[in-house]
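Here is how the chains run, residue by residue.
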Amino acid sequence: MSKTQEKTTQQFETLFFGPARAYGSLTLEYYEKLLSAQMEAFRSYSDLSLAQARAWTDVKDSEGLKQVFETQQKAAKELGERLQGDTKKVVDLSQEFLQKGQQLAEQNVKAASAATK
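We now turn to the structure provided with this report. (Residues numbered from 1 in each chain as written. Predicted model: local features only at pLDDT ≥ 70, side-chain atom pairs only at ≥ 80, totals over all residues. Heavy atoms only, no water.)

1. Observations concerning the overall build of the chain
In terms of helices and strands, the chain carries 2 helices and 0 strands. Its C-alpha atoms give the chain a radius of gyration of 26 Å, clearly above 13 Å, the size a compact globule of 117 residues would have. For the chain, the C-alpha atoms occupy an extent of roughly 90 × 25 × 10 Å along the three principal directions. Buried positions account for 15% of the 117 residues belonging to the chain. A fraction of 73% describes how many contacts in the chain between residues 6 or more apart in sequence connect residues 24 or more apart. Accessible surface for the chain amounts to roughly 9,200 Å². Of this, 59% is attributable to carbon and sulfur atoms. Both charge centroids of the chain, one from 16 positive and one from 16 negative side chains, sit 7 Å from each other. (Helix = DSSP H or I, 4+ residues; strand = E, 2+ residues; numbered from the N terminus. Rg over C-alpha atoms; globule rule 2.2 N^0.38 Å. Buried < 20%, exposed > 50% of the residue type's maximum accessible area, 1.4 Å probe, protein only. Contact = heavy atoms within 4.5 Å. Areas by Shrake-Rupley, 256 points an atom, 1.4 Å probe, with all protein chains shown as cover. Lys, Arg positive; Asp, Glu negative; His and termini not counted. Charge placed at Lys NZ, Arg CZ, Asp CG, Glu CD.)

And the structure:
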């Protein structure tokens, strides 16, 4: 390979391929974490819903009905708290992705400036 080809290959690596791989890796990491959080939340919400549905099938008298209503209130409170926590988790993940993306862009601009000199 000639020096010109090597320099061109190195510039393509520095300017295009390296940054594209780094951004792709960052994006993949973000979506992996986001999907994991969503699956965890879905499982939690499903378990809570199924538990509440089962509680309704066990109602046999007024005392059972009273207990179901009490557990429904507790479940609603728990669900609200869980939603807040899950929302915060997604916001934190998004902010982390944005910060890392900005750092990556800054690094790429510096590398591109150095490569074109």
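And the narrative resumes.
2. Let's talk about the environment of K74
Structurally, the position occupied by K74 is in helix α2 (residues 62-115). Look at K74 and you get exposed, because its relative accessible area is 60%. In this structure the C-alpha to C-alpha distance between K74 and Q38, which are 36 residues apart in sequence, comes to 23 Å.

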